[in-house]
Amino acid sequence: MKNVIMFILFTVIMVSCSKKEQTDPKTYFLSYIDRLPDKNIQLTDSLSQEQRQVMAKYNLGVSIPANFKSVIDDKDKECFIFYNASDSSILLARCFESNDSVINQIDRSTKFDNPEYGDNYNDLSEFPHFKSCEKLLTDSLIGPFLFGGFFYELLGADNVMHQGFFPKSKKYQFGEFKLLFDDKKYLIVCSLHNGYSENLDDNPRWQAFRFISPN
């Protein structure tokens, strides 16, 4: 009987540890919001081989902005986490394959004839991936989303949606959520900061992620 009890306890512990080690690639990259700064997290000035493979796979242009460093993460080597220790800013991004279902979810989120937001706008309310991210980012709702704009058009995506929000994390005062997408992929980018100014000619953060045309 004692051996049976010990076996059951061992099994429970192993299952518990296994669950802790599992990561959800759709939202794991956002966990760094509450993990930085941390002296035990490794930072680097360059992109990893795995990140460059992601860039090649999805035709992404990615650069580490001025004064930022890249986080080295072994659990999800396809995510991009850039941290600026001087002003406590963070950029979190990950690219995902798109399909008809994703495009339909985004299309179904379009609303019309709202007296406050105009003739048409999108709140991504029918896009489950966004809603799971939103819960981690803020205690309120993000939206309605704005479409494009001069700087955003330079990011190369067929569609760019963006909106500011107030972060759940008390480390940051301001946040911006961006969704870049075409028919093959979508890129989620989240920026959190306490206000900043930067030289637009010196590898600024707004152009850290962009879509590039395949050769």
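Just so we're clear, the structure is a prediction, and the values are computed from it rather than from any experiment.

A. Structural detail: the environment of Ala-56. On the secondary structure map, Ala-56 appears in helix H2 (residues 49-58). Placed 158 residues apart in sequence, Ala-56 and Pro-214 show a C-alpha to C-alpha distance of 9.2 Å.

B. Representation of the sheet that holds strand S3 (residues 69-71). Strand order across the open sheet formed by 8 strands is S1-S3-S4-S5-S11-S10-S9-S8, with antiparallel pairing between neighbours. Edge positions in the open sheet fall to strand S1 (43-44) and strand S8 (146-147), since each of these has one partner strand only. By the bridge criterion, 7 bridges tie strand S9 (residues 159-165) to strand S10 (residues 174-181) in an arrangement that is antiparallel. When the sheet's bridge partners are listed, Val-160 is paired in S10 with Leu-180. Seen against the sheet, H2 touches S3, strand S4 (80-84), strand S5 (89-97) and strand S11 (185-193) and runs at an angle of roughly 50° to S5.

C. The arrangement of helix H3 (residues 100-108) in detail. Looking at H3, one finds that the buried residues are Val-102, Gln-105 and Ile-106. Axial view of H3: buried residues confined to an arc of 95°, hence all on one face. Of the residues in H3, the exposed ones pointing more than 90 degrees away from the buried face are Asp-100 and Arg-108. Two or three places before Ser-101, at the start of H3, stands the capping residue Asn-99, its side-chain oxygen 3.0 Å from that residue's backbone nitrogen.

D. Focus on the pairing of S10. S10 sits mainly inside the fold: 6 of its 8 residues count as buried. Across 8 bridges, the pairing between S10 and S11 is antiparallel. Across the sheet, the residue bridging to Glu-176 is Ser-191, located in S11. In this antiparallel pair of consecutive strands, S10 and S11, the connection spans 3 residues.

E. Local environment of the pairing of S5. Of all 9 residues in S5, 8 are buried; the element is thus mostly enclosed. Sheet topology places S4 next to S5; 5 bridges connect them, and they run antiparallel. Within S5, the position partnered with Phe-82 by the bridge is Leu-91. Counting the residues between successive antiparallel strands, the hairpin from S4 to S5 contains 4 residues, one of them, Ser-88, with a positive phi of roughly 55°. Two strands pair when backbone bridges link them, and S5 and S11 are joined in this way by 8 bridges, in the antiparallel orientation. Looking at S11, one finds that Arg-94 is bridged to Ile-188.

F. Structural detail: unusual backbone geometry. At the junction of Leu-36 and Pro-37, the peptide bond is cis and its omega measures out at 0° in the coordinates. If you trace the backbone, Pro-37 turns up in the loop between helix H1 (2-21) and S1. Residue Pro-144 is reached from Gly-143 by a cis peptide bond, and omega for that bond is 0°. As for its placement among the helices and strands, Pro-144 is situated in the loop between helix H4 (128-137) and S8. Even without being glycine, Asn-67 reaches a positive phi, approximately 75°. Its place among the elements puts Asn-67 in the loop between strand S2 (60-62) and S3. At Leu-124, a residue that is not glycine, the phi angle is positive and equals roughly 55°. Checked against the element boundaries, Leu-124 lands in the loop between strand S7 (118-122) and H4.

G. Expanded view of H2. Residues of H2 that are buried include every one of Gln-51, Val-54, Met-55 and Tyr-58, and no others. Projection of H2 onto a plane perpendicular to its axis shows the buried side chains occupying an angular sector of 100°, all on one side. Looking at H2, the residues exposed on the side facing more than 90 degrees away from the buried face are Gln-49, Ala-56 and Lys-57. Looking at the buried side of H2, the elements it contacts are S2, S3, S4, S5 and S11. Positive backbone phi, approximately 55°, marks Asn-59, located one or two places after H2.

What counts as what
- Residues numbered from 1 in each chain as written.
- Predicted model: local features only at pLDDT ≥ 70, side-chain atom pairs only at ≥ 80, totals over all residues.
- Heavy atoms only, no water.
- Helix = DSSP H or I, 4+ residues; strand = E, 2+ residues; numbered from the N terminus.
- Pairing = 2+ DSSP bridges.
- Contact = heavy atoms within 4.5 Å.
- Axes fitted to C-alpha atoms, helices over the stretch in contact; angles between N-to-C directions.
- Buried < 20%, exposed > 50% of the residue type's maximum accessible area, 1.4 Å probe, protein only.
- Arc of directions from axis to C-beta.
- Polar contact = N/O pair within 3.5 Å; in protein donor to acceptor, adjacent residues only side chain to side chain.

What is shown is where atoms sit, not what they do.
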